[in-house]
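Each chain, written out:
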Amino acid sequence: MPEFLMNKKASNHHYLSATECLNLLTDQQKQQLFETKVDLEFEPDETIVKRGILADNVLYLTEGLVKLEIVNDSKPCTIGLTQAHSFIGIACCFAFNEFDFTATSLTKTNVTFIPMQLFETFIKENGEFAISLIKHMAGVSNGIFHRITSLSQKNIEGALAMMLLDFSRIYKSNIYELPVGRSGFADILGYSKESVIKTLSKYNKEGIIKVDDKKIEILNTDKLEQLSKFG
């Protein structure tokens, strides 16, 4: 399953998942990973990684949903959502000695911390794993570019429609509960809370969705798809 599921729609190409990469480790390497990894649990809205801390681990999300943010001109910008069985921010992990992003749990979350030194040893020792990781990171980066470009070309109606459909894919259902409130939803989209509330209300009145606090039911998928493309 792709690390940034929100970007999957931007491309019809499948790229290697984090799980597929890890499956290419040898039995001995998998044993080393099992013996050295650390598993931690995070509550909703808890910081998993803070921008600026030492990048001494590779993070693998085993359960939950995580928001990734970078800072541009002192303003936080959401670059994607990471779901279970994915690396967290793998495209940024090897760029600098410090993490250049912040990762925050949106739901109850479990994360496996893999020592960076061990991960780099796997890359040096296992060529097949190394190549698969490069392909995976390229796919993730491509998805981020598509998402940012797509959102920058949309108004609030298009961006919100895209986001509602993304959550539908994440939860594999047209009925789901948003993991964030209106303010958090607005932060992810990069719009004001008032704009999000107004647009949700509009979609509700037009029968495109049904809104009950955080509960969303998509009633007209085709219309929402159209809005996500042309809004």
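Please read all numbers here as calculations on a predicted model, not as lab measurements.

Thresholds applied
Residues numbered from 1 in each chain as written. Predicted model: local features only at pLDDT ≥ 70, side-chain atom pairs only at ≥ 80, totals over all residues. Heavy atoms only, no water. Pairing = 2+ DSSP bridges. Helix = DSSP H or I, 4+ residues; strand = E, 2+ residues; numbered from the N terminus. Phe/Tyr/Trp six-rings, centres within 6.5 Å; stacked < 30°, edge-to-face > 60°. Buried < 20%, exposed > 50% of the residue type's maximum accessible area, 1.4 Å probe, protein only. Core = buried A, V, L, I, M, F, W, Y, C linked by side-chain atoms within 4.5 Å. pLDDT = per-residue confidence, 0-100. Contact = heavy atoms within 4.5 Å. Axes fitted to C-alpha atoms, helices over the stretch in contact; angles between N-to-C directions. Parallel < 35°, antiparallel > 145°, perpendicular 65-115°, else oblique. Nonpolar A, V, L, I, M, F, W, Y, C, P; charged D, E, K, R; others polar.

Caption draft 1: Focus on the sheet that holds strand E8 (residues 109–115). Within the open sheet, the four strands sit side by side as E1-E8-E3-E6. Their pairing is antiparallel. Each end of this open sheet is capped by a strand with a single partner; those strands are strand E1 (38–42) and strand E6 (86–87). Relative to E8, E1 is paired through five bridges, and the arrangement is antiparallel. Bridged to Leu 40 within E8 is Val 111.

Caption draft 2: Up close: the packing of aromatic side chains. Going through the model one piece at a time under the given rule, you end up with 10 aromatic pairs. Each ring, one from Phe 99 and one from Phe 101, has its centre 5.4 Å from the other, and the planes form 70°; the classification is edge-to-face. According to the relative accessible area criterion, Phe 99 is buried, its value standing at 4%. Ring centres of Phe 119 and Phe 129 lie 5.5 Å apart, and the angle between their planes is 75°; this geometry places the pair in the edge-to-face category. Pair noted here: Phe 119 is in helix H4 (residues 116–125) and Phe 129 is in helix H5 (residues 127–152), with a separation of 10 residues, a long-range link. Like Phe 119, the residue Phe 129 is buried in the burial classification.

Caption draft 3: Examining the environment of Ser 74 more closely. Relative to the helices and strands, Ser 74 is located in the loop between strand E4 (65–72) and strand E5 (75–83). For Ser 74, a relative accessible area of 71% gives the class exposed. The spacing of Ser 74 and Thr 26 is 48 residues in sequence and 43 Å in space, taken between C-alpha atoms.

Caption draft 4: Local environment of the nonpolar core. Residues Ile 48, Phe 87, Ile 88 and Phe 101 are the most contacted members of the largest nonpolar core, which totals 38 residues. Those elements that provide at least two residues to this core are helix H1 (18–22), strand E2 (47–49), strand E3 (57–63), E4, helix H3 (90–93), E8, H4 and H5. Among the elements that take part in this core, H5 stands out by supplying five residues, more than any other. Counting residues in each nonpolar core, the second largest holds 30 residues, with Phe 185, Ile 208, Ile 209 and Leu 224 among its members.

Caption draft 5: Examining the confidence of the model for the chain more closely. Averaged over all residues, the pLDDT of the chain equals 88, while 94% of them reach at least 70. Within the chain, E1 carries the highest mean pLDDT (97), whereas H3 carries the lowest (81). The low-confidence segment residues 1–12 (pLDDT under 50) makes 47 contacts with residues lying over four places distant or belonging to another chain.

Caption draft 6: Structural view of the packing of helix H2 (residues 27–36) against H4. Two numbers describe how H2 lies on H4: the axes approach to 11 Å, and their chain directions differ by 175°. Classified by the angle between their axes, H2 and H4 sit roughly antiparallel to one another. Of the residues in H4, those touching H2 at Gln 29, Gln 32, Leu 33 and Thr 36 are Leu 118, Phe 122 and Glu 125. Grouping the amino acids of the contact of H2 with H4 by side-chain chemistry returns three nonpolar, three polar and one charged.

Caption draft 7: Examining unusual backbone geometry more closely. Phi at His 85 takes a positive value of approximately 70°, unusual for a residue other than glycine. One can find His 85 in the loop between E5 and E6. Despite not being glycine, Lys 172 shows a phi value in the positive range, around 55°. With a relative accessible area of 61%, Lys 172 lands in the exposed category.

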